[in-house]
Amino acid sequence: MTPLVHAEQAVLGAIFLEPGQLDRLSPWLRPEHFSRPAHAAVYNAMLELKADGHPAAATKAGIPVPLAWVTDTLHEASTRTRGLTASYLHSLVSACPRPDHAPVYGRMVLEGAIHRSVAKHAARLHQAALAASRVGTVTETLHHAQVLSDVLADLARGWGTEARPVQPPDAYAPQTEHPQPVGERVLADEEFLLGCLTSRPEQLLGLVQWLRPGDFADRGHQQIYQALGALHHRGEPIDQLTVLWEVQRRGALAHGTLDAERVRRLCDPFVGLAAEHVGEQVVQASLVRTATLAAQQVGDLADHDALAPGQLIGYALHALGPLDDVRRRLRLAHEAEPEPRRPVSRPSAPPLAARIDAARARSPLADTAGPAATTAASCTALPDRHNHRSQ
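Parameters at a glance
- Along each chain, numbering runs from 1 in the same order as the chain's sequence is written.
- In keeping with the model being predicted, local features are shown solely for residues with a pLDDT of at least 70 and side-chain atom pairs are shown and tallied solely at 80 or more, while totals for entire chains, interfaces and linings include all residues.
- As a convention, hydrogens and water are excluded, and side-chain values are obtained from all of the structure's heavy atoms.
- Secondary structure follows DSSP: runs of H or I at least 4 residues long count as helices, runs of E at least 2 residues long count as strands, and numbering of each begins at the N terminus.
- Only protein chains enter the accessibility calculation, which uses a 1.4 Å probe; a residue is then buried when its area is under 20% of its type maximum, exposed when over 50%, and partly exposed in between.
- Whether two residues are in contact is decided by their heavy atoms: any pair within 4.5 Å suffices.
- Accessibility throughout is a Shrake-Rupley quantity obtained with a 1.4 Å probe, and a residue counts as covered only by protein chains that appear here.
- Every case where a carboxyl oxygen of Asp or Glu lies within 4 Å of a side-chain nitrogen of Lys or Arg is listed as a salt bridge.
- A pair of Phe, Tyr and Trp rings is counted when the ring centres sit within 6.5 Å of each other, with Trp represented by its six-membered ring. The angle between the planes then sorts it: under 30 degrees is stacked, over 60 is edge-to-face, the rest tilted.
- A positively charged side chain is recorded as over a ring if its NZ (Lys) or CZ (Arg) lies within 6 Å of the ring centre. The angle to the ring normal must also be within 35 degrees.
- Each residue after the first adds 1.5 Å to the expected span of a helix.
- The convention used is that axes are lines fitted to C-alpha atoms, helices contributing only their stretch in contact, and that angles between N-to-C directions extend from 0 to 180 degrees.
- Oblique is the label for any angle not covered by the other classes, which are roughly parallel (under 35 degrees), roughly antiparallel (over 145) and roughly perpendicular (65 to 115).
- It is the rotation of the near helix from the far one that decides the hand of a crossing: anticlockwise by less than a right angle makes it left-handed, clockwise makes it right-handed.
- Only buried Ala, Val, Leu, Ile, Met, Phe, Trp, Tyr and Cys residues count toward a nonpolar core, and they belong to the same one when joined by side-chain atoms within 4.5 Å.

Colleague: Explanation requested: the overall build of the protein in the structure shown.
Modeller: Scanning the protein from N- to C-terminus turns up 18 helices and 0 strands. The burial tally for the protein puts 46% of its 391 residues in the buried class. In the protein, the proportion of contacts linking residues at least 24 apart, taken out of those at least 6 apart, comes to 75%. Summing over all exposed atoms, the protein offers an accessible surface of approximately 19,500 Å²; the carbon and sulfur share of this is 55%.

Structure follows, in structure tokens:
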């Protein structure tokens, strides 16, 4: 038997020996916290007998407990589960080292219940994300992600700890994950979006508020989106050649992430097409991938019996952090209104908040990239009016 099963037996045995222990346990220990249905049925029977005013429930410590406490519990519990015998209930009594330690045993039972609950809801989120990757809708994934977050908050309150994300130490950090398979439709959406943005780069001003490079599944697509964001942020013209040049300055060609022909093909403009809907599809696919990974990480944490409940909850909330970010940005995408058409000529200076969002959509350039790159990098560090004029 596992230590958890021993703890469940011990707390039930303590209540048989000292029924008054229910006063210390019933406010926070519930039948569903027991892992074995028979133990849950016995504990539930004890609670009902106490609520009905069973005389043994008021027995003080040191006073012999009437045999009726055991026999009536057996009768009541047998209505909820099968296979219980009087000899098994007596074995529960012998499994209790110290009846006055019942609250400690109860906390062990609660600790096991927390691990099971986290693992169960992480598995449901994982299943919903896998289904979403096939059917293309994220409704169930969003629902189970919210449920898991709510469960962690409720468990934190029940355990008496603060529900805040805590980065796990290296021993519990998630292992390097295997790349998730990406469907052809997702890649096609990303390519289509890059073509739309090349054709109408003014649409970037709206998308950078909720679309991030990491939302693209393909590394090369991430690099091109960063290049588009950087060019738009600096107010420079955008076409196949300028994007190719920006990608080269960022080292993507040298590292082999992209090649020149692929960049020119992906940036082939689709004139007159709107990017908002396609961008939302890209974020939805990003949410599914992020939810799959987060669910795996939380499930792995729940399997570590050595983690105390407070640690498990904090580490699990940290693992859900990236998913919460994508969920927030997907809500922004739903709420975003289409950007008005802008003239083809060089756009006027965008507001400060929009420039900050644009800076986040690209990675900083190396110092050796040239004067224009240096200007853009300085805008990322301190996007004030002086820096904008220097552009």
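Colleague: Even after reading the chapter, I still don't get the pattern of salt bridges, so can you show me in this structure?
Modeller: When the charged atoms of two side chains lie near each other, side chains of opposite charge can form a pair. According to the stated counting rule, one finds 18 salt bridges in the structure shown. As a salt-bridge pair, Glu191 and Arg265 come within 3.7 Å of each other at their nearest N and O atoms. Remark: Arg265 occurs in helix α12 (residues 260-266) and Glu191 occurs in helix α8 (residues 184-199); sequence separation between them is 74 residues. In the salt-bridge network here, residues are joined through shared partners; they are Arg234, Glu236, Glu246, Arg249 and Arg250.

Colleague: Could you clarify how one ought to interpret the packing of aromatic side chains in this entry?
Modeller: In this description, a pair of aromatic rings is defined by centroid distance and the angle of the planes. Enumeration over the complete set of coordinates arrives at 3 aromatic pairs. An angle of 40° between the planes, with centres 5.2 Å apart, marks the rings of Phe34 and Tyr43 as tilted. Ring geometry for Phe216 and Tyr225: centres 5.1 Å apart, planes at 35°, overall tilted. The same class applies to Phe216 as to Tyr225, namely buried. A cation over a ring is seen here: Arg107 above Trp159, with NZ or CZ 4.1 Å from the ring centre.

Colleague: How should α8 be read in this particular structure?
Modeller: For an α-helix, the turn length of 3.6 residues means that residues three or four places apart are oriented alike. Relative to the 22 Å expected for 16 residues at 1.5 Å per residue, α8 spans 23 Å between its end C-alpha atoms, a close match to the ideal helical length. For α8, the full list of buried residues reads Val186, Glu190, Leu193, Leu194, Gly195, Cys196, Leu197 and Thr198. The elements touched by buried residues of α8 are α9 (204-207), α10 (219-233), α12 and α13 (276-302).

Colleague: What is the right way to look at the packing of helix α7 (residues 139-159) against helix α15 (residues 321-335) in this model?
Modeller: The relative placement of two packed helices comes down to the angle between their axes together with the axis-to-axis distance. For the pair α7 and α15, interaxial distance at closest approach is 11 Å and the crossing angle is 130°. By the angle between their directions, the pair α7 and α15 is classed as oblique. Crossing of α7 against α15: the hand is left-handed. On α15, the residues touching Leu142, Ala145, Gln146 and Ser149 of α7 are Leu323, Asp324, Arg327 and Leu330.

Colleague: What's the story with the packing of helix α1 (residues 3-17) against helix α6 (residues 102-135) in this structure? I'm lost.
Modeller: Where α1 contacts α6, the two axes come as close as 8 Å, and the packing angle between them is 140°. By the angle between their axes, α1 is oblique relative to α6. In terms of crossing hand, the pair formed by α1 and α6 is left-handed. Contacts between α1 and α6 involve Leu4, Ala7, Glu8, Ala10, Val11 and Ala14 from the former and Ala102, Tyr105, Gly106, Met108, Val109, Gly112 and Arg116 from the latter.

Colleague: Explain helix α3 (residues 37-51) to me, please; I cannot follow it from the model alone.
Modeller: In this model, α3 (15 residues) spans 21 Å end to end at C-alpha, consistent with the 21 Å of a helix rising 1.5 Å per residue. Looking only at α3, the buried set comprises His39, Ala40, Ala41, Val42, Tyr43, Asn44, Ala45, Met46 and Leu49. The inward-facing, buried residues of α3 abut α1, α2 (22-25), α4 (68-78) and α5 (86-94).

Colleague: Quick question: what am I supposed to make of the nonpolar core here?
Modeller: One broad trend across soluble globular proteins is that nonpolar side chains are buried collectively. By size, the foremost hydrophobic cluster in this structure holds 63 residues, and its most contacted members are Leu193, Leu211, Ile224 and Val243. Of all the elements, α13 adds the most residues to this core, at 11 residues. In this structure Val243 touches Ile224, Ala227, Leu228, Leu231, Ile238, Val263 and Cys267, once residues within four positions along its chain are discounted. Grouped together as the second largest cluster of nonpolar side chains are 30 residues, Leu29, Met46, Leu89 and Leu92 included.

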